[in-house]
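Single-letter residue listing:
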There are 2 protein chains.
Amino acid sequence: MSAETPPVVASPAAFAELLELVERGELARLPELVGGMHPSDIADLLASVPEEAHQLQVLKALPTEIASETLAEMEEDEDRAELLTALSARRGAALLHELADDDAADLLGELEPRDRDRMLAALPSEEAGEIRELLRYGEETAGGLMTTSLVSVSTAAGAAEAIVEIRVQGREVEDFYTVFVVDGRGRLRGTVPLDDLILADPDDTVESLVVPAAATVTPDTDQEEVGRVMGRYNLVSIPVVNDEGSLLGRITFDDVIDVIEAETTEDILKLAGVSDEEELKAGWIESVRSRLPWLVLNLVTAAAAASVILSFEDLISEITFLAFLMPVIAALGGNTGTQALAVTIRRIAVGDGLQTGRFQVVGKEVLVGLLNGFVLGFCFALFAYVREGDPRIGLVVLLAMWANIVVAGFAGAMIPTVLKRLGADPAVASSVFVHTLTDLVGFVMVLSLAAGLLL
Amino acid sequence: MSAETPPVVASPAAFAELLELVERGELARLPELVGGMHPSDIADLLASVPEEAHQLQVLKALPTEIASETLAEMEEDEDRAELLTALSARRGAALLHELADDDAADLLGELEPRDRDRMLAALPSEEAGEIRELLRYGEETAGGLMTTSLVSVSTAAGAAEAIVEIRVQGREVEDFYTVFVVDGRGRLRGTVPLDDLILADPDDTVESLVVPAAATVTPDTDQEEVGRVMGRYNLVSIPVVNDEGSLLGRITFDDVIDVIEAETTEDILKLAGVSDEEELKAGWIESVRSRLPWLVLNLVTAAAAASVILSFEDLISEITFLAFLMPVIAALGGNTGTQALAVTIRRIAVGDGLQTGRFQVVGKEVLVGLLNGFVLGFCFALFAYVREGDPRIGLVVLLAMWANIVVAGFAGAMIPTVLKRLGADPAVASSVFVHTLTDLVGFVMVLSLAAGLLL
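Right, let's walk through the structure included here. (Residues numbered from 1 in each chain as written. Chains lettered and ligands numbered in written order. Predicted model: local features only at pLDDT ≥ 70, side-chain atom pairs only at ≥ 80, totals over all residues. Heavy atoms only, no water.)

**A few points about the overall build of chain A**
Thought 1: Of regular secondary structure, chain A possesses 21 helices and five strands.
Thought 2: Taking 23 Å as the expected radius of gyration for a compact globule of 455 residues, we find that chain A reaches 30 Å, considerably beyond that expectation.
Thought 3: Counting only C-alpha atoms, chain A reaches 90 × 65 × 50 Å along its principal axes.
Thought 4: Here chain A holds 455 residues, and 53% of them are scored as buried.
Thought 5: In chain A, of all internal contacts separated by at least 6 residues, the share reaching a separation of at least 24 is 67%.
Thought 6: With 31 positive and 73 negative side-chain charges, chain A shows a spacing of 3 Å between the two charge centroids. (Helix = DSSP H or I, 4+ residues; strand = E, 2+ residues; numbered from the N terminus. Rg over C-alpha atoms; globule rule 2.2 N^0.38 Å. Buried < 20%, exposed > 50% of the residue type's maximum accessible area, 1.4 Å probe, protein only. Contact = heavy atoms within 4.5 Å. Lys, Arg positive; Asp, Glu negative; His and termini not counted. Charge placed at Lys NZ, Arg CZ, Asp CG, Glu CD.)

Structure (structure tokens):
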């Protein structure tokens, strides 16, 4: 493609054409339609075909190497497992055979155990064994992300010998990026830059050219940590080693981009009270299942916090203005808490090397709350005083709003920090804690101050 | 480093040692301390030194090539601009000279115009000219991210000739990853895989080996879009071309990881009502400035929504239970709205190729709201009925909660979708709209139903 012709991407027009081919049963023309397309684009087209039977027809009509990459590029929530399951073991194994072992393992991991075994049985036994190894690791760990397909040379090799070796291995390994160096016992010693090898004296040993790895991970390292390390050191690939330092595999930057996206989606959704199991493209029943428990929890906590109001019914009956004040003061506390929560959770997620000053953040949020709370409290107090004509109402409003906003800043920064310290996920349930607290403080402050100052 | 010795990273111990060196004035020993460290780690250490005068001493004591990378790895909010400004033009230019042009431009872009010119004047004029070119592009565009340092060969070159050329250029270009192919007029024709070149007949032309680029961007492409395209097509680097198709530069995956992190931080903070200008490590005054305007807006909208309560003071005085019901029903509406908002905004951010079914999301959220609203409304209605002993109160609660939750789902999905359609940022201000609406609907439904059914 020259720069004049833009890349062919999945477009509504291409989609319409695809549907037409399906309806007319002219799927033989399919390879022509998707000819210049990237598997990611074909995956989008395929995922948009409404009926699974038609999706399956399309998948079967694609050449094996394109069909396999298309499946690999589909999302888990786009029913790729169902498509793979619907294929014969022979056809399924042929597709899996085309894929890198980590992609094959990801796909197989989504199948029912019975279907997984059926496919694995149809693969060459060595390949099946490698994939089984990968399937042992947790999905969200370095082991679950890594591929065992990599290029490595021995420290003992000479430069010329190493170049020949790299050329041979490189033909089998897609996008190898980095040449790893291992010692005689398979332990990682570092990497060797290709240009250093080329420029070196042919008899120089790799040993003399090896550059230490900037970082390594072990198979059980959490994927979020893998993303953080690779982003921090700008690594295009990172070696995975076991406790003895043996090189097991590598993780490349493209997996990490997916991880960072998935992890931030998770953080945003958790902060909003959506279960991290809800896929973005989930159907409505799955969404109800994922969100209802959190809403029920919120109903209980919100009602519990508001139940303090039930003890002051006489007061409210006398000063109905309080029924107006309370939800406003509670809402502003909630908003302040959300701000502090979001900043703190994001700070924790992005992380820094030293992890210093975690609790300083709490002090800062309290300071911010003291100032913001005073400004908001003063404005709202002025309004209340002007409307009700009683300076004591103004004082109630000022003190209640101010206190609630300081508490909100404190809790919004403290709760995720403590959860993190305890080894728990800082995002989960933080917001229900904070909002219950700000509701409660808002109501109690308004009502008790009013009872004390106005009656 | 062998695999037995873990990589040296910034640790509290290393930090303590650094501070000791600073205090004793033994900075000559600094290169020894940071010897095996990655510039990212040194940057963290440097950023943690409390006094700027001491930071400057440390920076000056580092060898030029390490000092330059350390500055490049510091964050914008870690005062790296101040440090660079405090250096002499000669020393500053020496540091900038060591950096890739995109990193140098990023650093210079943070300086005051006068200091920027001072540094540029001290650089070789060709280099200064290239950096000035890059400074013309917006900071959050492809032009602002790209480096002009790349490896390219001509379509007309033979394979053997191309390999020589790549070897020469590759010595100057850090991490080139991809060999770009341009025609006689400098227009991008694609890329050429290194192994194809090596395996090719030495007289084969590059023309016969060129692979079309999976995607290209122009200098004004938004950085978020660059990240999306590179993530989608798993690209380690992407070419930047102008409207005529001429190759201007390239963007590498490490910049994109930073962009994805920055953009998601922005989305989370905006959703929480924190200005996207607030840096995560902002001081408390900056935080007050960034958050107070939004809180004031919220105070106004929350008070406006709640002011409907002021028209029903007689009703509340008679049925004080309503003062308990209203904040709970408003809060649950708010929570439902936040869930729908977070899922919708994240869907928009992650994007998909076809962008189909944007408005289907709204339909789905309404369905989810119908079901969740009924369950929550029913539970809360039962509680209200049991407590107050009046089935009509139960009916008020059921209808008000149900309606509010359906509205919340609808608004939470609709508002960001419409904002996106209008070309606006879907995250900004969405949550204040949604919460004002759910407050208002909650209060109005409770009060008007109570007035109609209970009086």
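**Thoughts on the sheet that holds strand β2 (residues 179–182) of chain A**
Residues and elements named next belong to chain A.
Thought 1: Pairing is mixed in the open sheet, where three strands are placed in the order β1-β2-β3. Edge strands, defined here as strands with exactly one partner in the open sheet, are β1 (151–154) and β3 (188–191). For this sheet, the mean angle separating the axes of adjacent strands, direction not counted, is 35°.
Thought 2: Pairing analysis gives four bridges linking β1 to β2, with the strands arranged parallel. Counterpart to Val153 in the pairing with β2 is Val181.
Thought 3: Contacts from helix α12 (residues 159–172) reach β1 and β2, with the element oriented near 155° to β1. (Pairing = 2+ DSSP bridges. Axes fitted to C-alpha atoms, helices over the stretch in contact; angles between N-to-C directions.)

**Some remarks on the relation of the copies chain A and chain B**
Thought 1: Structural alignment of chain A on chain B gives an RMSD of 0.1 Å, achieved by rotating through 180° and translating 0.0 Å along the axis. When the rotation and shift are considered jointly, the pair of chain copies conforms to a two-fold rotation axis. Among all residues of chain A, the one whose C-alpha sits closest to the rotation axis is A:Ser317, at a distance of 2.0 Å.
Thought 2: Both copies contact each other with a shared surface, as 100% of the interface residues of chain A are interface residues in chain B too. (Least-squares fit on C-alpha atoms with pLDDT ≥ 70 in both.)

**Concerning empty space enclosed by the protein**
The gaps left among the atoms become clear once a water-sized probe is rolled over them.
Thought 1: Tallying each qualifying case throughout the model produces four cavities of 30 Å³ or more.
Thought 2: Roughly 720 Å³ of volume is contained in the largest cavity.
Thought 3: Taken together, 38 residues form the lining of the largest cavity, with A:Gly334, A:Asn335, A:His435, B:Asn335 and B:His435 sitting closest to its centre.
Thought 4: Of all the elements in the fold, those that place two or more residues in the lining of the largest cavity are α15 (253–271), α16 (284–310), α18 (321–350) and α21 (430–454) of chain A together with α15 (253–271), α16 (284–310), α18 (321–350) and α21 (430–454) of chain B.
Thought 5: The element best represented in the lining of the largest cavity is α18(A), accounting for seven residues.
Thought 6: Its residues placed into classes, the lining of the largest cavity shows 19 nonpolar, 17 polar and two charged. (1 Å grid on protein atoms, 1.4 Å probe; cavity = no way out; pocket = protein on both sides within 12 Å on 5 of 7 lines; lining within 4 Å. Points joined across faces, edges and corners; volume = space filled by probe spheres on them. Nonpolar A, V, L, I, M, F, W, Y, C, P; charged D, E, K, R; others polar.)

**Considering the interface of chain A and chain B**
Thought 1: Taken together, the 111 residues of chain A in the interface contact 111 residues of chain B.
Thought 2: With both sides pooled, the region where chain A packs onto chain B buries about 10000 Å², and carbon together with sulfur makes up 68% of that total.
Thought 3: Notably, a salt bridge pairs B:Asp41 with A:Arg232, separated by 2.6 Å at the nearest N-O pair.
Thought 4: Run the count over chain A and chain B and you get 27 residue pairs in polar contact (both at pLDDT 80 or more). (Buried area = accessible area lost by both parts, 1.4 Å probe. Salt bridge = Lys/Arg side-chain N within 4 Å of Asp/Glu carboxyl O. Polar contact = N/O pair within 3.5 Å; in protein donor to acceptor, adjacent residues only side chain to side chain.)

**Some details on the sheet that holds strand β3 (residues 188–191) of chain B**
Residues and elements named next belong to chain B.
Thought 1: Read from one edge of the open sheet, three strands run β1-β2-β3, paired in mixed fashion. This sheet does not close on itself; its edge strands, each paired only once, are β1 (151–154) and β3. Pairs of neighbouring strands in the sheet enclose a mean axial angle of 35°, with direction left out of account.
Thought 2: Running at roughly 155° to β1, helix α12 (residues 159–172) makes contact with β1 and β2 (179–182) of the sheet.

**With respect to unusual backbone geometry**
Residues and elements named next belong to chain A.
Thought 1: The residue Asn234 is not glycine, and still its phi comes out positive at about 50°.
Thought 2: Tracing the backbone shows Asn234 in the loop between α14 (223–232) and β4 (237–241).
Thought 3: Given the relative accessible area of 24%, Asn234 is considered partly exposed.

**Considering a negative patch on the surface**
Thought 1: Together, A:Glu75, A:Glu76, A:Asp106, A:Glu139, A:Glu140, A:Asp222, A:Asp258, A:Asp276, A:Glu277 and A:Glu279 make up a negatively charged patch on the protein surface.
Thought 2: For A:Asp106, a relative accessible area of 34% corresponds to the partly exposed category. (Patch = residues over 30% accessible without salt bridge, like charges linked within 9 Å, V, L, I, M, F, W, Y side chains within 5 Å. Areas by Shrake-Rupley, 256 points an atom, 1.4 Å probe, with all protein chains shown as cover.)

**A closer look at the nonpolar core**
Thought 1: In terms of nonpolar packing, the biggest core is built from 123 residues, with A:Leu30, A:Ile238, A:Ile251, B:Leu30, B:Ile238 and B:Ile251 touching the most fellow members.
Thought 2: Apart from the residues within four sequence positions on either side, A:Leu30 is in contact with A:Leu18, A:Leu21, A:Val58, A:Ala61 and A:Leu62.
Thought 3: Residues A:Leu310, A:Val368, B:Leu332 and B:Leu376 belong to the second largest nonpolar core, which totals 86 residues. (Core = buried A, V, L, I, M, F, W, Y, C linked by side-chain atoms within 4.5 Å.)

**Describing the side chain of A:Glu263**
All names here are of chain A.
Thought 1: Relative to the elements of secondary structure, Glu263 occurs in helix α15.
Thought 2: The side chain of Glu263 sits in the buried core without any salt bridge; Lys270 is the nearest counter-charge, 6.1 Å away.
Thought 3: At 2.9 Å, the side chain of Glu263 and the side chain of Gln223 are in polar contact.
Thought 4: Those residues in contact with Glu263 that sit more than four places away from it in its chain are Glu140, Gln223 and Glu224.

**Looking at the environment of A:Leu123**
Residue and element names in this part refer to chain A.
Thought 1: Mapped onto the fold, Leu123 is located in the loop between α9 (113–122) and α10 (125–135).
Thought 2: Judged by relative accessible area, which is 6%, Leu123 ranks as buried.
Thought 3: Note: C-alpha distance between Leu123 and Asp254 (131 residues apart in sequence) is 26 Å.
Thought 4: Setting aside residues no more than four positions away along its own chain, Leu123 makes contact with Ala93, Leu96, His97, Ala128 and Ile131.

**A closer look at the pairing of β3(B)**
Thought 1: Two strands pair when backbone bridges link them, and β2(B) and β3(B) are joined in this way by three bridges, in the antiparallel orientation. Note on β3(B): the bridge partner recorded for B:Val182 is B:Leu188.

**Digging into the side chain of A:Glu365**
Thought 1: Here A:Glu365 shows up in helix α19 (residues 360–388).
Thought 2: According to the relative accessible area criterion, A:Glu365 is buried, its value standing at 2%.
Thought 3: Of the polar contacts made by the side chain of A:Glu365, one reaches the side chain of B:Arg291; its length is 2.7 Å.
Thought 4: If sequence neighbours within four positions are ignored, A:Glu365 has contacts with A:Ala340, A:Val343, A:Gly409, A:Ala413 and B:Arg291.

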